[in-house]
Amino acid sequence: MTTLVDTELLSDIQRFGAADVSACFSCGTCTATCPLSDNDGTFPRRIIRYAQVGMRDELLSSKELWTCYHCGLCSDSCPTEADPGEFMAAARRYAIASYEPTGLSKILYTRPVIGSLVATAVAAFFAMFMYASHGPQDAASLALFTFVPEGLIHWTGVAVMVVMALSGVVGITGMARRVARSEGVSLQSVFGGRAALARSGAALWAALGVESIGQRRYREDCKDDQPAEPLYRRRWLIHALTIWGFLGLFSATILDWGLALTGVKETGTPIPLWYPSRLIGTVAGIAMVYGVSMFMANRLRQVNRAAQHSTASDWLLLVLLLITGATGFFIEVALYLPDAPAWGYWVFLFHVAVAMELMLLLPFTKFAHAMYRPVALFFYALAADKSKQADFQTD
Ligand code: SF4
Ligand code: SF4
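Residues numbered from 1 in each chain as written. Chains lettered and ligands numbered in written order. Predicted model: local features only at pLDDT ≥ 70, side-chain atom pairs only at ≥ 80, totals over all residues. Heavy atoms only, no water.

Caption draft 1: Inspection of a nonpolar patch on the surface at higher detail. A grouping of Phe 250, Ile 254, Trp 257 and Leu 261 is seen on the molecular surface, where their side chains present a nonpolar patch of about 390 Å² in accessible area. When you line up the elements, Ile 254 lands in helix H14 (residues 235-261). By relative accessible area, which is 40% here, Ile 254 ends up partly exposed. (Patch = residues over 30% accessible without salt bridge, like charges linked within 9 Å, V, L, I, M, F, W, Y side chains within 5 Å. Areas by Shrake-Rupley, 256 points an atom, 1.4 Å probe, with all protein chains shown as cover. Salt bridge = Lys/Arg side-chain N within 4 Å of Asp/Glu carboxyl O. Helix = DSSP H or I, 4+ residues; strand = E, 2+ residues; numbered from the N terminus. Buried < 20%, exposed > 50% of the residue type's maximum accessible area, 1.4 Å probe, protein only.)

In structure tokens, the structure reads:
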């Protein structure tokens, strides 16, 4: 196989973060320190080496790039202060921008002013689009779906999800093909026969259930938190609450939609706090707002290595998540007030516009790691299974 050398690779990656690993002399201290480093003893310095010598394809085909949780232990131990943890984060941003073909991720990551203008324009577009078709404001009770018609929200949401899914599929397919080629994984080895399907099913569970939802390695391996750090400030918990909160809010929205489709209740019908879709939404909203607020506070206070370098795209994701969660609570309060407050209608319109933007930009912001990491973890689990089989046969 011919390896093409990209002489600009390191400087290109540096545009996505503050890392300068040109001083790295591959001493291996980071490998010895990293809790995720496994038997071959090359993680994370192999990725750094790829960047130093311009091996772009190898870097973008690397599943290991996505296993790092940016705990910063390697950066603390690096004798040349090359900050390998931040390098890995910058390389992931670079990979996200490389996997998607529109160039939007690159703008959001590397052009903060233009990126902020784009993000503002997208939110303004959705808000004006909703406003253009708005209905009357009932003063007696908060009739949100009369003000912004339910059909408009529904079909705009479907269009946003389709665009998001297509963008996501393009990115994931491109990434998965690269990693599969480099790992020697074929469609036949994933889907061909019962044994292959069983292995793939187990790898899928490990990637999605155990690692992405359950955060196993994040909890067990990344000991970046001081032992004295209380649970509510642990980075893995903050990360988990943000993910679980987002998924919970998404599930509550789908459940509400499903209840309307099956005729159980119409969208917008007053419901008590304990009603399943509202209860899930409320609990999930609290989790997400807490997680995002802690992430923001940590970044402002720069409490750990991961919080020391923030890109505009990092902040964009946090701001969109916070606005979506917080405005949801304002709407909930407005719904329980005796007279329908006019501000409730405007907060609702803003909430819908920002939620649409959040979903539309998912494959282009830092949120995209939620798509790529499970794919990498899937290949990681397949490779671990293969090596276990090989060990078993050797024994
Ligand atoms: S510890 Fe620093 S110098 Fe040593 S291999 Fe890692 S990044 Fe390079
Ligand atoms: S930041 Fe943590 S997980 Fe990532 S390479 Fe460094 S030590 Fe390993």
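Caption draft 2: Structural context of the site of ligand 1. Near ligand 1, the surroundings consist of 13 residues, among which Cys 24, Cys 27, Gly 28, Cys 30 and Cys 78 are the closest. Placement of ligand 1 is best described as lying within the second largest cavity. Put simply, the parts of the chain that give the shell around ligand 1 at least two residues each are helix H2 (29-33) and helix H3 (45-53). Its residues placed into classes, the shell around ligand 1 shows eight nonpolar, four polar and one charged. (Near = heavy atom within 4 Å. 1 Å grid on protein atoms, 1.4 Å probe; cavity = no way out; pocket = protein on both sides within 12 Å on 5 of 7 lines; lining within 4 Å. Sits in = over half its atoms within 2 Å of the grid points. Nonpolar A, V, L, I, M, F, W, Y, C, P; charged D, E, K, R; others polar.)

Caption draft 3: Local environment of the packing of aromatic side chains. Within the structure shown, the criterion is met by 14 aromatic pairs. An angle of 70° between the planes, with centres 5.3 Å apart, marks the rings of Phe 145 and Phe 348 as edge-to-face. Separated by 203 residues along the polypeptide, Phe 145 in helix H9 (residues 144-147) and Phe 348 in helix H17 (residues 342-360) bring together distant segments of the chain. Using a relative accessible area of 27% as the deciding quantity, one classes Phe 145 as partly exposed. Phe 348 sits in the buried class, given a relative accessible area of 6%. Taken together through their ring pairs, the aromatic side chains of Tyr 131, Phe 147, Tyr 345 and Trp 346 make up a single cluster. (Phe/Tyr/Trp six-rings, centres within 6.5 Å; stacked < 30°, edge-to-face > 60°.)

Caption draft 4: A look at the site of ligand 2. As a matter of local geometry, ligand 2 sits amid Cys 34, Pro 35, Leu 36, Phe 43, Pro 44, Cys 68, Tyr 69, His 70, Cys 71, Gly 72, Cys 74 and Gly 85. Given that more than half its atoms are within 2 Å of the pocket grid, ligand 2 belongs to the largest cavity. Residue composition of the shell around ligand 2, grouped by class: nine nonpolar, three polar and no charged.

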